[in-house]
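# Working through the structure, step by step
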Amino acid sequence: MFLTRYQLLIIYTCTILTLCTLYAVQPIQPLFEKEFALSRFEAVIFTTVIMLPLGFAPIVYGYVLETLSSKLFLRNAVLILGVLELLFAYSDTYAALLGIRALQGVLIPAVLTSLMSYISFITPKERVQQAIGYYIAATILGGFIGRLLSGTLSDLFGWRLFFILLGIALIAMYGCLHYVGEEVKVDFVKPKLSQIVDVLKQKSFLNIYTMMFFIFFVFQALLNFIPFQLKQLSSAMGYGKVGMMYAGYIIGFIVSIRILWLIKRLGGETKTIMIGIVIFALGLQIFHIGDYTVMFAGMFVFCAGFFIIHSVASGLISKLAHEKRAISNGLYLSFYYAGGTIGTFAPGVFYAYLGWHAFIGLLTCIAFATLWFAYMLQKGV
């Protein structure tokens, strides 16, 4: 039992560090814009390039990685992530920084899938659901910690120190992962085109996929552009304060562990999704108010709505899928991350040419439009 807990601690710590790698640049993108004389588009692409592989990873990685040793791959991938963080910290050109982020993006989906497979392997069957819940909490915590620490340390010591420390921590994790146990079968999906088409022909699945594409589009759009708006409100605002804006992210943990209670209280999955969408869209309206404290509170409302939708929708896919669960879940993640990836840069056109309020207006229209897919889902169309 002690060994299992020790192994799980290593896996959760590795998960947190991996999510730090994914999101740490987000709050300090305005810093890169200034230091490297970048356009707004060039600055936001730092998040886009690392998220891009997450969109196709669930569909293609099963074919690419099926012959590799799972333990050897996981350890070496984490080691390479650490080395790339150190290279990122010492790079002085935009092309090098962007290239490193892209390489990390290729590794991160496979690392996260491997970590989840290890959790299922080393945890007693009756505790797997709880262990996966802790894994989800670790991803949420990692996303927040990475943003907060990168912002805070950038204020105190410059932006490079955080990435040096993160690189060292990931390299140390390479050694720790030696103790996670034996080889496991990593659960990569290997779908055929005909199987994908069969799933997409089912309108319930297509409604959920399309809805989540646009929901994560809106979510990542706000999270990726809000640092620029905060710096516009006050150029003297520290990046630590910008990073703290993402504290609302933590509410996702509370929502995820109470989602079954919410579904029961609100009258079923589709009604809960609809209520989540309304909360999500109303939370967006708070960001029209140009005050840090108000926007900080608004982030909790916005994130609560998002995690209600995401928690219910992801569970509903598994409930409806039956024998095609792996393919259905893989497609869910592909649509989800594809929407998020496009959201990190595409709405920036509105922000750049029409301003913040038009940007929020666009996201609000998209958020409310997703109610149609939830309604169709409820009707079973």
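Residues numbered from 1 in each chain as written. Predicted model: local features only at pLDDT ≥ 70, side-chain atom pairs only at ≥ 80, totals over all residues. Heavy atoms only, no water.

Attention shifts here to the packing of helix H13 (residues 269-285) against helix H14 (residues 292-321). Where H13 meets H14, the closest approach of the two axes is 8 Å, and the angle between their N-to-C directions is 155°. Here H13 is positioned roughly antiparallel relative to H14, judged by the angle of their axes. The handedness of the crossing between H13 and H14 comes out as left-handed. Here Glu-269, Thr-272, Ile-273, Gly-276, Ile-277, Ile-279, Phe-280, Gly-283 and Leu-284 of H13 lie close against H14, whose contacting residues are Gly-298, Val-301, Phe-302, Gly-305, Phe-306, Ile-308, Ile-309, Val-312, Ala-313, Leu-316 and Lys-319. Its residues assigned to classes, the contact of H13 with H14 comprises 13 nonpolar, five polar and two charged. (Axes fitted to C-alpha atoms, helices over the stretch in contact; angles between N-to-C directions. Helix = DSSP H or I, 4+ residues; strand = E, 2+ residues; numbered from the N terminus. Parallel < 35°, antiparallel > 145°, perpendicular 65-115°, else oblique. Left-handed = near helix turned anticlockwise from the far one by under 90°. Contact = heavy atoms within 4.5 Å. Nonpolar A, V, L, I, M, F, W, Y, C, P; charged D, E, K, R; others polar.)

This next bit is on a nonpolar patch on the surface. On the surface, a cluster of nonpolar side chains totalling about 460 Å² of accessible area is made up of Val-349, Phe-350, Tyr-353 and Leu-354. With respect to the helices and strands, the residue Phe-350 is situated in helix H16 (residues 348-354). The exposure class assigned to Phe-350 is partly exposed, which follows from its relative accessible area of 31%. (Patch = residues over 30% accessible without salt bridge, like charges linked within 9 Å, V, L, I, M, F, W, Y side chains within 5 Å. Areas by Shrake-Rupley, 256 points an atom, 1.4 Å probe, with all protein chains shown as cover. Salt bridge = Lys/Arg side-chain N within 4 Å of Asp/Glu carboxyl O. Buried < 20%, exposed > 50% of the residue type's maximum accessible area, 1.4 Å probe, protein only.)

Turning next to the pattern of salt bridges. Within the structure shown, the criterion is met by three salt bridges. For Arg-40, the salt bridge identified is with Glu-33, shortest N-O distance 3.1 Å. Arg-40 gets classed as partly exposed once you look at its relative accessible area, which sits at 26%. Note on Glu-33: relative accessible area 18%, which makes it buried. Here the salt bridges share partners, and the residues they tie into one network are Glu-35, Asp-92 and Arg-160.

What follows is about the nonpolar core. With 132 residues, the main nonpolar core has Phe-32, Met-211 and Phe-302 as its most contacted residues. Non-local contacts of Met-211, meaning those with residues more than four positions away in its chain, are made with Ile-273, Ile-277, Ile-309, Ala-313, Thr-370, Phe-373 and Ala-374. (Core = buried A, V, L, I, M, F, W, Y, C linked by side-chain atoms within 4.5 Å.)

Let us now look at the packing of helix H9 (residues 203-233) against H14. Where H9 contacts H14, the axes come no closer than 11 Å and their chain directions differ by 160°. Our classification of the angle between H9 and H14 gives roughly antiparallel. Relative to H14, the crossing made by H9 is left-handed.

One pass over the structure, following the stated rule, counts 42 aromatic pairs. Relative to Tyr-351, the ring of Phe-225 has its centre 6.0 Å away and its plane inclined at 80°; by these criteria the two rings are edge-to-face. With Phe-225 in helix H9 and Tyr-351 in helix H16, the pair connects residues that are 126 residues apart, well separated along the chain. Per residue, the accessibility class of Phe-225 equals that of Tyr-351, and both read buried. Aromatic rings pair up to connect Phe-216, Phe-219, Tyr-249, Phe-280, Phe-287, Phe-302, Phe-306, Phe-307, Tyr-332, Tyr-336 and Tyr-337 into one cluster. (Phe/Tyr/Trp six-rings, centres within 6.5 Å; stacked < 30°, edge-to-face > 60°.)

The subject of this paragraph is the side chain of Lys-231. Following the sequence through the fold, Lys-231 ends up in helix H9. Every residue in contact with Lys-231, bar those within four places of it in the chain, is listed here: Pro-30, Met-237, Tyr-239 and Val-242.

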